[in-house]
Amino acid sequence: MDRRSLIAGTGLAGVLAAGVAPAIHAQPLVRWRLASSFPKSLDTIHGAAEVFARKVRELSGGRFEVAVHASGELMPAFGVVDGVQQGVVEAAHTAPYYFFDKDETFAIGGAIPFGLNSRQMSAWTYEGNGRKLMREFYARYGMTSFPCGNTGAQMGGWMRQEIRSAEDLKGLRFRIGGFAGKVLERLGGLPRNIPAGEIYQALEKGAIDAAEWIGPYDDQKLGFNKVAPYYYYPGWWEGGLQLDLYVNLKAFRALSPEYKAFVEMASTYAHVETQAKYDVRNPGALKQLVASGARLRPFPADILTQAFRESMRLYDELSASNEQWRKVYADYRRFRSDQNLWFRFTEATFDRFMQSQRL
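Notes on the structure follow. Note that this is a predicted model, so its numbers are computed, not measured. (Residues numbered from 1 in each chain as written. Predicted model: local features only at pLDDT ≥ 70, side-chain atom pairs only at ≥ 80, totals over all residues. Heavy atoms only, no water.)

Here strand β4 (residues 143–150) lies mainly inside the structure; 8 of its 8 residues are buried. Judged from the 6 bridges that link them, β4 and strand β10 (residues 242–248) form a sheet pairing that is antiparallel. By the bridge assignment, Ser145 is partnered in β10 with Tyr246. (Buried < 20%, exposed > 50% of the residue type's maximum accessible area, 1.4 Å probe, protein only. Helix = DSSP H or I, 4+ residues; strand = E, 2+ residues; numbered from the N terminus. Pairing = 2+ DSSP bridges.)

Below, the structure is given as structure tokens:
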């Protein structure tokens, strides 16, 4: 049996597991550049791209190299889709909702307010219609996509002043990621989409009144607790932010079948490892933040209620005006309904009981 027949019969993962390495050295040398939307200082979220690159190199025996460039090195954080689309770089690692101004449908690939949690998002992507639908959409931009990390549910951010009701959101200058700002606007807030490396300075100088990023581990690194004392939860706009690896379609199609498989395998590995890192590191960081004076606060109930109502209205409006959104969101919405029904009887009930126990 020749090498290609073996791979076709057992799958590449099976070949590798059996210790029968394909003839990697028959493959050409491939060099890609990857532009990240994140600074190197954030070893979790920026680190996902580095994990991906390392795995590609290992799987290919060093013949497929991906050079990872942090935000600002090759292009601005919010310029990476243009970079991939134009072929300036072969790949980018980013949060899809940053690009909602191109088309709101981008946001569904990352996180939308009151959307899927991280497990549900992975399920929709890998086993539902999510990957198919999003790849059809991204093809309009000359790209394909691979899940490459999830932050899990996020915190609601840091406020310079206490938020007691939805009224306090009116006029609030709030750094909030991408698409969620459309809901904040409907509540009277003033959203600002600012890259990670610029948030602290804006908050310190009073250019903004509040800021959210991800959660305790990253927020502590960025130092937000030093300039805004109130730490709110939950991040209702990010029940589980899925990060994406965007790849230029021409560059991907030029790869051999083996190298294409390596891209998929490495991105899946980084996808799983990234959330594991956040789940391990966030609890300790939260304890440290509270010990240093951070004041934890839940969002008032009226904020959640009004934000949910406005989110659903926004989605209905987009379904009426944006054909791409309507196509993807209709499937996403059905999936979310079924998942919430299932989790209601299993995960949520179990979690509520466990969180009420003294462990």
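Still to come is the rest of the account.
Further remarks concern the packing of helix α13 (residues 301–321) against helix α14 (residues 323–345). Each pair of packed helices gets described by two things: the angle between the helix axes and the distance between those axes. Following both chains from N to C, one finds α13 and α14 inclined at 135°, their axes separated by 7 Å at the closest point. Between α13 and α14, the angle is such that the two are oblique. For α13 against α14, the interelement crossing comes out left-handed. In this structure, α13 contributes Met312, Tyr315, Asp316, Leu318, Ser319, Ala320 and Ser321 to the contact, and α14 contributes Glu323, Trp325, Arg326, Tyr329, Arg333 and Arg336. Per-class residue counts for the contact of α13 with α14 are 6 nonpolar, 2 polar and 5 charged. (Axes fitted to C-alpha atoms, helices over the stretch in contact; angles between N-to-C directions. Parallel < 35°, antiparallel > 145°, perpendicular 65-115°, else oblique. Left-handed = near helix turned anticlockwise from the far one by under 90°. Contact = heavy atoms within 4.5 Å. Nonpolar A, V, L, I, M, F, W, Y, C, P; charged D, E, K, R; others polar.)

Along the chain, Arg186 turns up in helix α8 (residues 180–186). Separated by 128 residues in sequence, Arg186 and Leu314 have C-alpha atoms that sit 9.1 Å apart. Aside from chain neighbours lying at most four places away, what touches Arg186 is Glu310, Arg313, Leu314 and Glu317. Polar side-chain contacts of Arg186 include one of 3.0 Å to the side chain of Glu317. (Polar contact = N/O pair within 3.5 Å; in protein donor to acceptor, adjacent residues only side chain to side chain.)

All right, on to the pairing of strand β3 (residues 91–94) then. A two-sided burial pattern is seen for β3, the buried positions comprising Ala91 and His93 on one face and Ala92 and Thr94 on the other. Judged from the 4 bridges that link them, β3 and β10 form a sheet pairing that is antiparallel. When the sheet's bridge partners are listed, Ala92 is paired in β10 with Tyr246.

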